[in-house]
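So the chains spell out like this:
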Amino acid sequence: MADEKSRTSGEVPRPEPKGPILPTTNPDADKPQPPKPVIHPALYVAVWISLSSSVILFNKWILDTLEFRYPVILTTYHLSFATVATQLMARYTTLLDGRKSVKMTGRVYLRAIVPIGVFFSLSLICGNLTYLYLSVAFIQMIKATTPVAVLLSSWAMGLAPPNLKQLANVSAIVVGVMIASFGEIKFVWIGFLYQLGGLMFEAIRLNLVQALLSSAEYKMDPLVSLYYFAPICAAMNGVVALAWEVPKVSMAEVYHVGLFTFFLNGLCAFMLNVSVVFLIGKTSAVIMTLCGVLKDVMLVVASMLIWGTPVSGLQAFGYTIALGGMVYYKLGFEALKGYAGEANRQWAEFGAARPALRKIIVVAAVVLFVFVLFGGLAPTYAPDYDPSQYLSSAAGKFGVSS
């Protein structure tokens, strides 16, 4: 009998794989990844407005209220603080890595950085001297003419051809500040001239910076600019302070302000420069312009509340014209028209969704306008009214000496 064929299974044992087994699915891909936390740009705006306002009010408080009448020494301290802080940040952080792309040589530093530092130093000295004579509210009103000073100095320096249309666009700013000056109750000529000098030096500095940064190889953010400008400015201001204010200052006056207060003041001034870097990176020039207008208005109000600064109705009217002219010059008619149309659409949608709340807002705005108008006119009709005594009385109730 022939050998019977045995039935065998068709399954053949597979050889063991030599390499690692590749998975057919990625278990991590199936799991939803948590979204990365994102900081809203409004936070950067709020921080910048807070720090910018705090530096101005802080300086005014030290120079005027605490009677430390040495603005050049204070400016020198700010710039020395910034010099040390930027050097430490360059060594231990990545915030100043942008300086590596700047082709900085000794010749460029002497021909470009030093002149800018000189005018920066002069603008800071004049700006701080102004706090000894004028109120914060009036100083902010005069600062609204900065675009005018920049425009005129650019023509004088030959950086831009004269343009009568641009001059007409900024004329509203000049008219508004002139009206505000006529309405200023505590007008001091020397303080006004110091402020005009500071504006002139700042305008020249801004034009020099623009000329320097017009080349891509010297493009730098404000923090990198401070890294280069702070040392020369600190040295210049230090020389002026040694000849002008150091012989008159005493350690008793320094201790009266307090070393910790000086430290907070320097830190606040430096953090303002850091916040500008983040604000520019997260927003636009348009947003920064509008935020600057909001900051100026808030400073005027804060000055009225803290120091009881009287603001006449004529002064408020002129300041409103100046701010409107500044916004128009920065944004242009077409941009303002587009923003106005979008605002009307949003307001109409809000009114359709919440009509009661819209009526409340309108009534509150009218009441606030009337209150501000008559409050601004009050010093004209009641010149003996001094709100500082009520502030001192309220502070005394809380055990705070003023």
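Conventions used here
- Residues numbered from 1 in each chain as written.
- Predicted model: local features only at pLDDT ≥ 70, side-chain atom pairs only at ≥ 80, totals over all residues.
- Heavy atoms only, no water.
- Axes fitted to C-alpha atoms, helices over the stretch in contact; angles between N-to-C directions.
- Helix = DSSP H or I, 4+ residues; strand = E, 2+ residues; numbered from the N terminus.
- Parallel < 35°, antiparallel > 145°, perpendicular 65-115°, else oblique.
- Left-handed = near helix turned anticlockwise from the far one by under 90°.
- Contact = heavy atoms within 4.5 Å.
- Nonpolar A, V, L, I, M, F, W, Y, C, P; charged D, E, K, R; others polar.
- Phe/Tyr/Trp six-rings, centres within 6.5 Å; stacked < 30°, edge-to-face > 60°.
- Buried < 20%, exposed > 50% of the residue type's maximum accessible area, 1.4 Å probe, protein only.
- Lys NZ or Arg CZ within 6 Å of the ring centre and 35° of its normal.

Colleague: How should I be thinking about the packing of helix 4 (residues 106-130) against helix 9 (residues 222-244) in this particular structure?
Modeller: Each pair of packed helices gets described by two things: the angle between the helix axes and the distance between those axes. With their axes 8 Å apart at the nearest point, helix 4 and helix 9 run at an angle of 50° to one another. By the angle between their directions, the pair helix 4 and helix 9 is classed as oblique. Along this stretch, helix 4 crosses helix 9, giving a crossing that reads as right-handed. Here Y109, I113, V114, I116, G117, V118, F120, S121, I125 and L129 of helix 4 lie close against helix 9, whose contacting residues are Y228, F229, P231, I232, C233, M236, N237, V240 and W244. The residue inventory of the contact of helix 4 with helix 9, partitioned by class, reads 16 nonpolar, 3 polar and no charged.

Colleague: Looking at this model, I keep getting lost on the packing of aromatic side chains. Mind explaining?
Modeller: Aromatic rings in a pair are described by how distant their centres are and how their planes are angled relative to each other. Under the criterion given, the structure shown has 16 aromatic pairs. With 6.4 Å between their ring centres and 50° between their planes, F81 and F270 make a pair best called tilted. Taken together, the residues span a long stretch of sequence, with F81 in helix 3 (residues 71-92) and F270 in helix 11 (residues 259-282) at a distance of 189 residues. Under the relative-accessibility criterion, F270 is labelled buried at 7%. One aromatic cluster is present, formed by F68, Y70, Y77, F81, F260, F262, F263 and F270 through successive ring pairs. The aromatic ring of Y227 is capped on one face by R99, whose charged end is 5.6 Å from the ring centroid. The ring centre of F120 lies 4.6 Å from the NZ or CZ of R205, which sits over that ring.

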